[in-house]
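In case you want the letters, here they are:
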Amino acid sequence: MSPVDRSRTLPTVPPSTQARTSATALKNPLGAVVDAAKQGLADLPRFVKMGKDVFEASHLSELKRLFGGDAKPARMSDGKLVGAKGQSFPPGTPLSNIPGVMPTDNPSPSKTLLYVNGIMTPMAGQLSEMQAIANSADARVVGIHNATQGLTADLAQCVGDKLDKGSNPAVDTLADTIYDELKAGREVHLMGYSQGGLITARALQDVQNRLRIEDGMSQAQVEKLMGKLDVETFGAASTRYPDGPNYVHYVNNADPVPTLTGLGGSVDPLSFLKDAGKGAVVHRFTDGNLNPISNHMLDTLYLKHRVDFDEARAGRF
């Protein structure tokens with residue numbers, strides 16, 4: 001199915017940025033490139049601190065972590081539900097029993113979001129992302145932890161998720177949670193970032209299959225029931241999403257993850273092979289610098305472009 005694509009155009013730059021860039025270019029044709037490079041380099045210290053697995057791999061202990069040598073603690077939390085202060089709960093725990101992460105300035109939000117993180121993210125990293133989401137969306141946030149086992153193992157798992165092969169505890173927990181909530185007649189709001197978007201797509205397909213096979217529902221009935229799901233993805237690595245849910249996908253043209261492994265950028269010769277889900281809104285924009293990691297960040301980049309879900313569904317970004 002073709003999504004409602006409101007931005008399949010050549011990448012654009014905000015007017016203020018265009019003016020600054022033009023002025024710089026008149027003075028020095030390389031000025032804009034140099035500024036972008038400086039900004040990218042300025043971001044590196046934060047990423048070194050956040051991702052020692054990658055940026056300090058020259059040390060033997062970090063090489064061991066890079067290839068999953070000490071990933072046992074992370075594996076023990078894989079697929080668990082995550083609440084406030086990093087508390088973890090076993091799969092099957094009712095969402096109402098989990099103390100979610102609350103917005104800093106609102107102890108009683110009316111909405112609840114279920115969030116799945118991307119690769120190379122320890123529990124503390126996911127908790128930080130959950131707080132950023134809670135503040136941005138003014139919502140209670142409950143996580144499903146996609147544990148890291150090192151860069152190599154995480155990337156291999158992404159391949160398995162794309163092929164729908166192998167076991168992924170985060171997929172299983174998310175699928176079971178969605179199914180239970182739908183069968184109880186409740187609406188669910190999902191968020192998936194990077195591999196978390198891929199996990200979300202796989203879990204949604206599992207739910208659709210379960211409703212068709214186990215419950216004997218027709219495709220039309222399945223899509224109607226799954227219409228209770230609101231789904232947002234950010235820089236996601238999935239190219240296909242099942243019909244039924246209400247989707248908003250955020251894609252940064254300067255981010256190689258969604259442009260190369262996901263729904264593609266504003267200019268994508270392979271767009272005919274991809275399916276964002278029936279009626280999906282795909283918001284493509286261009287933001288960032290010469291550092292592809294910073295261009296993929298959830299808290300410092302994607303959430304800046306997020307708007308209220310209903311506004312997004314109406315195309316008002």
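The structure under discussion appears in the preceding block.
Rules used throughout
Residues numbered from 1 in each chain as written. Predicted model: local features only at pLDDT ≥ 70, side-chain atom pairs only at ≥ 80, totals over all residues. Heavy atoms only, no water. Buried < 20%, exposed > 50% of the residue type's maximum accessible area, 1.4 Å probe, protein only. Helix = DSSP H or I, 4+ residues; strand = E, 2+ residues; numbered from the N terminus. Pairing = 2+ DSSP bridges. Right-handed = clockwise from strand over helix to strand, strands pointing away. Contact = heavy atoms within 4.5 Å. Polar contact = N/O pair within 3.5 Å; in protein donor to acceptor, adjacent residues only side chain to side chain. 1 Å grid on protein atoms, 1.4 Å probe; cavity = no way out; pocket = protein on both sides within 12 Å on 5 of 7 lines; lining within 4 Å. Points joined across faces, edges and corners; volume = space filled by probe spheres on them. Nonpolar A, V, L, I, M, F, W, Y, C, P; charged D, E, K, R; others polar. Salt bridge = Lys/Arg side-chain N within 4 Å of Asp/Glu carboxyl O.

Glancing now at the pairing of strand 4 (residues 112–116). Among the five residues of strand 4, four are classified as buried, and the element is accordingly described as predominantly covered. Sheet topology places strand 4 next to strand 5 (residues 140–144); five bridges connect them, and they run parallel. Across the sheet, residue Tyr115 finds its bridge partner in strand 5, namely Gly143. Once you follow strand 4 into helix 6 (residues 123–137) and on to strand 5, the crossover reads as right-handed. Relative to strand 6 (residues 188–193), strand 4 is paired through three bridges, and the arrangement is parallel. Residue Leu114 lies in a different strand from strand 6, and its bridge partner there is Leu190.

This part covers the environment of Thr121. The topology assignment puts Thr121 in the loop between strand 4 and helix 6. Accessibility expressed as a relative area gives 7% for Thr121, which makes it buried. Separated by 27 residues in the primary sequence, Thr121 and Thr148 place their C-alpha atoms 5.9 Å from one another. If near-sequence neighbours (up to four positions away) are discounted, Thr121 is found in contact with Gln126, Glu129, His145, Asn146 and Thr148. A polar contact of 3.3 Å, which involves the side chain of Thr121, links it to the backbone oxygen of Gly118. For Thr121, the side chain forms a polar contact with the main-chain oxygen of Ile119, separated by 2.9 Å.

Taken as a whole and assessed by the stated rule, the structure comprises one cavity of 30 Å³ or more. Looking at the largest cavity, its volume works out to about 30 Å³. Lining the largest cavity, in full, are Thr233, Gly235, Ala236, Ser238, Tyr241, His249, Tyr250, Val251, Pro258 and Leu263. Of the residues assigned to the lining of the largest cavity, the class counts are six nonpolar, four polar and no charged.

Once that is clear, we can look at the pattern of salt bridges. If charged atoms from side chains of opposite charge come close, those side chains can pair. With the rule as written, the count across this model stands at 13 salt bridges. With a shortest N-O distance of 3.9 Å, Lys111 and Asp308 are connected by a salt bridge. A residue pair is termed long-range when its members are at least 10 positions apart, and Lys111 in the loop between strand 3 (88–89) and strand 4 and Asp308 in the loop between helix 12 (298–305) and helix 13 (309–313) qualify at 197 residues. Given the relative accessible area of 33%, Lys111 is considered partly exposed. Relative accessible area serves as the criterion here: at 37%, Asp308 is assigned to the partly exposed category. Put simply, Arg186 and Glu181 hold a salt bridge, and the shortest N to O gap is 2.8 Å. The class of Arg186 is partly exposed, set by a relative accessible area of 43%.

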